Amino acid sequence: MASYSANTKREKKVFDTEDDVAKAMAEYTFNLSKKFCKKRGYFTIVLSGGDLVLWLKKLLVPEYAETEWSKWHVFWVDERVVPLDNKDSNYKQTLDSFLSEVPIPTSNIYAIDQNCAALGDAKGAAIVYEECIKRLVNQNIIRTYKSSGFPQFDLQLLGMGPDGHMASLFPGHYQIKEKASLVTYITNSPKLPPKRITFTLPVINCASYNLMAVCGEAQADAVAKVFKDDFNLPSARLTADTQAIWYLDKAAASKLPSECL
Ligand SMILES: O=C1O[C@H](COP(=O)(O)O)[C@@H](O)[C@H](O)[C@H]1O
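A quick note: this is a predicted structure, and the numbers were derived from the prediction, not measured.

Enquirer: If you had to explain the overall build of the chain to someone new, which residues and values would you point to?
Expert: The helix and strand tally for the chain stands at 7 helices and 11 strands. The C-alpha atoms of the chain give 17 Å as radius of gyration, which agrees with the globular expectation for 261 residues (18 Å, within 12%). Across the 261 residues that make up the chain, the buried fraction comes to 56%. Considering only residue pairs separated by 6 or more positions, the chain has 77% of its internal contacts joining residues 24 or more positions apart. Surface summary for the chain: the accessible area is close to 11200 Å², and the carbon and sulfur share equals 49%. For the chain, the centre of its 31 positive side-chain charges and the centre of its 30 negative side-chain charges are spaced 4 Å apart.

Enquirer: Requested: an account of the site of the ligand, with residues and values cited.
Expert: Neighbouring the ligand are 15 residues; Gly 49, Asp 78, Arg 80, His 165 and Lys 191 lie closest to it. Take Asp 78: an N or O atom from its side chain is 2.6 Å from an oxygen atom of the ligand. Look at the ligand: alone it shows 390 Å² of surface, and the protein chains cover 93% of it. Looking at the shell around the ligand, its residues break down into 2 nonpolar, 8 polar and 5 charged.

Enquirer: Summarise the pairing of strand 2 (residues 43-47); cite the residues concerned and give the values.
Expert: Note on strand geometry: in a regular strand, side chains alternate between the two faces of the sheet. Taking burial as the measure, the 5 residues of strand 2 include 5 buried ones, the bulk of the element. Of the two faces of strand 2, the one carrying Phe 43, Ile 45 and Leu 47 and the one carrying Thr 44 and Val 46 are both buried. With 2 bridges connecting them, strand 2 and strand 7 (residues 155-158) associate as parallel partners. In the strand pairing of strand 7, Val 46 is matched with Gln 156.

Enquirer: Mind laying out the sheet that holds strand 7, listing which residues take part and the relevant values?
Expert: Across the sheet, which stays open at both edges, the 6 strands sit in the order 1-11-10-7-2-3 with parallel pairing between neighbours. At either margin of the open sheet sits one strand with a lone partner, and together these are strand 1 (10-15) and strand 3 (72-76). Going across the sheet, the axis of each strand differs from the next one's by a mean of 20°, ignoring polarity. Here strand 1 runs beside strand 11 (residues 243-249); their pairing, made up of 6 bridges, is parallel. By the bridge assignment for strand 11, Lys 12 is matched with Trp 246.

Enquirer: Before we move on, can you summarise the pairing of strand 9 (residues 196-199) with the specific residues and values?
Expert: Because side chains alternate across strand 9, one face comprises the buried residues Arg 196 and Thr 198, and the other comprises Ile 197 and Phe 199, equally buried. Pairing of strand 4 (residues 78-80) with strand 9 involves 3 bridges; the strand directions are antiparallel. Paired with Glu 79 across the two strands is Ile 197, which belongs to strand 9. Where strand 8 (residues 183-186) lies against strand 9, 4 bridges are found, and the strand directions are antiparallel. When the sheet's bridge partners are listed, Thr 184 is paired in strand 9 with Thr 198.

Enquirer: Residue-level account of the UniProt feature "domain: Glucosamine/galactosamine-6-phosphate isomerase" (unreviewed entry) in the chain, with values.
Expert: Annotation from UniProt places "domain: Glucosamine/galactosamine-6-phosphate isomerase" (unreviewed entry) at residues 17-246. For residues 17-246, the end-to-end C-alpha separation is 14 Å, with 31% helix and 17% strand making up the annotated structure.

Enquirer: Provide a residue-level description of the nonpolar core, including the pertinent values.
Expert: Counting 88 residues, the largest nonpolar core has Tyr 129 and Phe 199 as its most contacted members. Among the elements that make up this core, the one with the highest residue count is helix 1 (residues 18-40) (10 residues). Contacts of Phe 199, omitting those with residues within four sequence positions, involve Val 46, Trp 76, Val 77, Tyr 129, Ile 133, Phe 153, Gln 156, Leu 169, Leu 182, Val 183 and Ile 204.

Enquirer: Please give an account of the confidence of the model for the chain that cites residues and values.
Expert: Counting all residues, the mean pLDDT for the chain is 96, and 98% of those residues have values of 70 or more. Here the predicted complex scores 0.97 on pTM and 0.95 on ipTM.

Enquirer: Could you give an account of the pattern of salt bridges, naming the residues involved and the relevant values?
Expert: For the structure shown, the criterion picks out 11 salt bridges. Of the charged contacts in the structure, one is a salt bridge between Asp 154 and Arg 143, with a shortest N-O distance of 2.6 Å. One end of the pair, Asp 154, is in the loop between strand 6 (151-152) and strand 7; the other, Arg 143, is in strand 5 (residues 143-144), with 11 residues separating them in the sequence. For the pair Asp 154 and Arg 143, one class covers both residues: buried. Through salt bridges with shared partners, a single network forms among Asp 19, Lys 23 and Lys 58.

Each value, and the rule that gives it
Residues numbered from 1 in each chain as written. Predicted model: local features only at pLDDT ≥ 70, side-chain atom pairs only at ≥ 80, totals over all residues. Heavy atoms only, no water. Helix = DSSP H or I, 4+ residues; strand = E, 2+ residues; numbered from the N terminus. Rg over C-alpha atoms; globule rule 2.2 N^0.38 Å. Buried < 20%, exposed > 50% of the residue type's maximum accessible area, 1.4 Å probe, protein only. Contact = heavy atoms within 4.5 Å. Areas by Shrake-Rupley, 256 points an atom, 1.4 Å probe, with all protein chains shown as cover. Lys, Arg positive; Asp, Glu negative; His and termini not counted. Charge placed at Lys NZ, Arg CZ, Asp CG, Glu CD. Near = heavy atom within 4 Å. Polar contact = N/O pair within 3.5 Å; in protein donor to acceptor, adjacent residues only side chain to side chain. Nonpolar A, V, L, I, M, F, W, Y, C, P; charged D, E, K, R; others polar. Pairing = 2+ DSSP bridges. Axes fitted to C-alpha atoms, helices over the stretch in contact; angles between N-to-C directions. UniProt positions renumbered as here; feature names shortened; annotations may be inferred. Core = buried A, V, L, I, M, F, W, Y, C linked by side-chain atoms within 4.5 Å. pLDDT = per-residue confidence, 0-100. Salt bridge = Lys/Arg side-chain N within 4 Å of Asp/Glu carboxyl O.

Here it is, written out as structure tokens:
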């Protein structure tokens, strides 16, 4: 696989409340869905776990009734390697709160391999997910980033932990350095559960649009470090092909240096 060079400036918008962030995220998603469904007949969207799972519910309002759900193809930027019916599964959480409410064909929802999940086989789950992505690239459902061969998703909705992790790329862990694979794995995640798979940084940064949504005071220190370009935090390395934008509530933005406001 050739190298990638996606690189855009980090943008941000600060909203009063978490609810405002969730609503704005839904609007951003709806508009991009419209754009890509019209342009390509598909919308490839990558989701995260964490708080974001509940914010997706804002897409369920009448305003967005025209969303072309049948054209959506849904992926996860990271996943906990637990059985798919386990409460910690990002897939299960998203299914329960959002996906079960919208008519996306089940064949367009790409959970991790259920056997690997049941066995707790993180390495196997990463390999199978990477094969799945490559297959969809060959079928032209997922685009590629310029001539690099790297998959290019239309939109990724991301979250950040208080330690600055995004996806399952944690500070001080080698996965952030992985450049060749599309999907890698970790078996000693500092945040439980310990076994996870994750897109690698090149894949994350090749996306056309990356929206990082962060709310709450617990993330304020990490947000400040990111905007001071502390690249020890994986989230500080987020870029995109077209737009990498951070949606913050006031609490998450409360420690931003004045020059960033
Ligand atoms: O464990 C995870 O954490 C991050 C951040 O979650 P949050 O609850 O702090 O928003 C999430 O983006 C990732 O997908 C998830 O697996």
